[in-house]
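Per-entry structural report
Spelled out, the chains give:
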Amino acid sequence: MGRASLTGVHVASLSLTDYRSYAGVDLMLEPGPTAFVGPNGQGKTNLVEALGYLATHSSHRVATDAPLVRHGAQRAVIRSVVVKDDRRALIELEINPGRANRARVNRSPVPRPRDALGLLRTVLFAPEDLALVKGDPSERRRFVDELLVARAPRLAGVRADYDRVLKQRNALLRTIAASGGGRRRGARRQDEEAGFAAAGAGDVLATLEIWDAHLVRHGAELTAARLELVDALRPMAAKAYATLAPSSGLADLDYRCSADEGKLSTDIPQLGITREDIAERLRAALAEVRRTELARGVTLIGPHRDDLQLRLGELPARGYASHGESWSFALALRLAAYDLLRSDGGDPVLILDDVFAELDDQRRRRLTEIVAPAEQVLITAAVAGDVPPELAGARFDVTEGTVTRVR
Amino acid sequence: MYEGVVQNLIDELGLLPGVGPKSAQRIAFHVLAADPADVKRLAHALLEVKEKVRFCRICGNVAAEDECRICRDPRRDPQVICVVEESKDVVAIEKTREFRGRYHVLGGAISPIDGIGPDDLKIRELMARLADGQVTELILATDPNLEGEATATYLARLVKPMGLKVTRLASGLPVGGDLEYADEVTLGRAFEGRRLLDV
Ligand SMILES: Nc1ncnc2c1ncn2[C@@H]1O[C@H](COP(=O)(O)OP(=O)(O)OP(=O)(O)O)[C@@H](O)[C@H]1O
Ligand SMILES: [Mg+2]
Ligand SMILES: [Zn+2]
């Protein structure tokens, strides 16, 4: 199968220090397919997980960073030379669990780690992807947000700002709830009416209004970006699903906003909804749940409570789809992400962690056809026989934490 | 819960800003393991700063006497007050030589995560200074981050009925950071280009 001209990104080297099982490892990599083969628990996934982390600043396996640092070490370092259009960039990321990470690009420190995002773009397929379909909304929000940031690294800042506002607002609501927020209804109402004039509890509500405004501003920006993304992703996901499972129903996506009981769906971008419209809805929804929030001490409205609903035909995939259908949908989402990234800026690096072993012949063939022309594909497999012959390329054997090039 | 004196120390440390129960415990055990001479030096430094350094009774800036150097200087314009979070911000702004008015040091910014609300800042003192109507412009120079913005908005709304000119430093400062990290030229420009804050 001929490879398209090299318009994308590829990783030319990967070095790890105290990352997972590796005290130190250095690999030279090249475009095309590369397989990492070895028995279970030898460190194959650890290698590709590190590349995924470098691209997204989070792991596809764990929510916290502590397990990424080798047992007994203080910090882990991932180093990689990334080549795009003949330009090479050395990206270095130091993982400091519980503290801020640090990043350097071409040996110059960047002000914030997120300033190093966007140089390397990956799409990672893994058994954990099943959670995209079967898991909590948080899994799907993470999928959407990671894709957002891969397309426009600036949005990492919007996300960080939103998370910060959310933390502040939740802390304030907790304080109010703990001081009797919901229960002392009468007293609370008086404070509310007194507004700025009142001292003490009135102050608290006055500051709440300020956090509301920040939540609405950043929340509307994040929501608008997500809506636009889902709108672009929708036909790509439907197409990918139809390719993988031609005999199954039509796959569709729908972005559900907590602000509007789900009424704010993906149809809306076509209707010309603006960020200001979304802000208006967020404000109205916040006003509606004000009392409950004060009683419960937590923010109930905003993109952190939204969901990306997946549907097969008329039915939601979650709770209804069969195991095989769920798998196909998860793969279709990743393939759609790959399509989308390709459509606006060159091939991302594809990472296939242990996926072929999980697939039947038909889906294995389809997936192989789609990924084979990519600029670089990194594959992990327990046995060499799990790697489709069309993807035969470079090969590393991984045993007991040593990685040896064998082909 | 630990034995009396250890728990005491943890409780006291836990009262410090930005120190949660976990950090308090870590610091306490660090102190337990430390060299006695080091601990004495720390205790001495704590007491000494309390004995020798004072805060200006007008603006809250660190001062060697009752009132700080700036508040005592008759050449400083009493009609303009620049509100900052910390004394170190006064130092940063003074370096720009752009500002000839006086300061008000809040002692932080609104941050519910750290348990800091308006009542924990020197806002009442600021309102008292504004009461006589002599001040015509209030410059809000809190940090260009979320908490600084929130504090500025709060103050702007609070003083709105007084009808004075309320301004905020121009954007262009490194967003998300501390005021003190901005270089003199950038900070000076932000001062010159300050804009009216409308809330
Ligand atoms: N922080 C850590 N410190 C030391 N060792 C670790 C750390 N995290 C994981 N490991 C070790 O790494 C190994 C797992 O590596 P990895 O997940 O890469 O295996 P794998 O080769 O992909 O296996 P499989 O084929 O089962 O997927 C485990 O043996 C685990 O104990
Ligand atoms: Mg694995
Ligand atoms: Zn003073």
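Residues numbered from 1 in each chain as written. Chains lettered and ligands numbered in written order. Predicted model: local features only at pLDDT ≥ 70, side-chain atom pairs only at ≥ 80, totals over all residues.

Comments concerning the interface of chain A and chain B
Put simply, an interface is often sized by how much accessible area is lost when its parts join up. Taken residue by residue, the interface counts 16 residues in chain A and 13 residues in chain B. Elements represented by at least two residues in the side of chain A that touches chain B include exactly helix 4 (155-178) and helix 6 (201-244) of chain A. A per-element tally of the side of chain A that touches chain B places helix 4 of chain A first, with 8 residues. When grouped by side-chain class, the residues that make up the side of chain A that touches chain B number 8 nonpolar, 4 polar and 4 charged. (Contact = placed C-beta atoms within 7 Å. Helix = DSSP H or I, 4+ residues; strand = E, 2+ residues; numbered from the N terminus. Nonpolar A, V, L, I, M, F, W, Y, C, P; charged D, E, K, R; others polar.)

A closer look at the UniProt feature "binding site: ATP" (unreviewed entry) in chain A
Residues and elements named next belong to chain A. Feature annotation in UniProt places "binding site: ATP" (unreviewed entry) on G38, P39, N40, G41, Q42, G43, K44 and T45, given in this structure's numbering. Along the polypeptide, N40 turns up in the loop between strand 3 (32-37) and helix 1 (44-56). Tracing the chain through its elements places K44 in helix 1. Discounting chain neighbours no more than four positions away, the residues touching K44 are F36, G38, T380 and V398. (UniProt positions renumbered as here; feature names shortened; annotations may be inferred.)

So, the pairing of strand 8 (residues 122-125) of chain A
Residue and element names in this part refer to chain A. Residues T122 and L124 point to one face of strand 8 and V123 and F125 to the other, with burial holding for every one of them. By the bridge criterion, 4 bridges tie strand 8 to strand 12 (residues 349-353) in an arrangement that is parallel. Each bridged residue has a counterpart across the sheet, and for F125 the counterpart in strand 12 is L352. (Buried ≥ 20, exposed ≤ 12 C-beta atoms within 10 Å, placed from the backbone. Pairing = 2+ DSSP bridges.)

Quick look at the pairing of strand 4 (residues 102-105) of chain B
Residues and elements named next belong to chain B. With burial as the criterion, each face of strand 4 is covered, one bearing R102 and H104 and the other bearing Y103 and V105. Two strands pair when backbone bridges link them, and strand 3 (residues 80-84) and strand 4 are joined in this way by 4 bridges, in the parallel orientation. Across the sheet, the residue bridging to V83 is H104, located in strand 4. After leaving strand 3, the chain enters helix 5 (residues 87-96) and then returns to the sheet as strand 4, a path that is right-handed. (Right-handed = clockwise from strand over helix to strand, strands pointing away.)

Remarks on the confidence of the model for chain A
Residue and element names in this part refer to chain A. Averaged over every residue, the pLDDT of chain A is 89; the share at 70 or more is 90%. Counting interchain partners and residues more than four positions distant, the pLDDT-below-50 stretch residues 1-5 has 6 contacts. Scored below 50 in pLDDT, residues 182-200 makes 18 contacts in the model with residues more than four places away or belonging to other chains. (pLDDT = per-residue confidence, 0-100.)

Things to note about the sheet that holds strand 6 (residues 165-168) of chain B
Residues and elements named next belong to chain B. Spatially, the 5 strands line up as an open sheet ordered 4-3-5-6-7, and their pairing is mixed. Unpaired on one side and paired on the other, strand 4 and strand 7 (195-196) mark the two borders of the sheet. One ladder, built from 2 bridges, connects strand 6 with strand 7; its direction is antiparallel. Its bridge partner being in strand 7, R168 is matched across the sheet by R195. Where helix 5 meets the sheet, its contacts fall on strand 3 and strand 4, and the angle it forms with strand 3 comes to roughly 125°. (Axes fitted to C-alpha atoms, helices over the stretch in contact; angles between N-to-C directions.)

Examining the UniProt feature "zinc finger region: C4-type" (unreviewed entry) in chain B
When the UniProt feature table is mapped onto this chain numbering, "zinc finger region: C4-type" (unreviewed entry) sits at residues 56-71 of chain B. Taken end to end, residues 56-71 of chain B comprises 19% helix and 12% strand; its first and last C-alpha atoms sit 8 Å apart.

A word on unusual backbone geometry
You will see that R107 of chain A, though not glycine, has its phi angle at about 70°, which is positive. Here R107 of chain A lies in the loop between strand 6 (102-105) and strand 7 (108-109). Judged by C-beta crowding, with 7 C-beta atoms within 10 Å, R107 of chain A ranks as exposed. Phi is positive for R97 of chain B, close to 55°, though the residue is something other than glycine. Here R97 of chain B lies in the loop between helix 5 and strand 4. R97 of chain B sits in the exposed class, given 10 other C-beta atoms within 10 Å.

What about the packing of helix 1 (residues 4-14) of chain B against helix 2 (residues 21-33) of chain B?
Residue and element names in this part refer to chain B. Viewed as axis vectors pointing N to C, helix 1 and helix 2 meet at an angle of 130°, and their least axial separation amounts to 8 Å. Viewed along their axes, helix 1 and helix 2 adopt a mutual orientation that is oblique. Crossing handedness for the pair helix 1 and helix 2: right-handed. Contacts from V6, L9, I10, L13 and G14 in helix 1 reach P21, A24, Q25, I27, A28 and V31 in helix 2. Of the residues assigned to the contact of helix 1 with helix 2, the class counts are 9 nonpolar, 2 polar and no charged. (Parallel < 35°, antiparallel > 145°, perpendicular 65-115°, else oblique. Left-handed = near helix turned anticlockwise from the far one by under 90°.)

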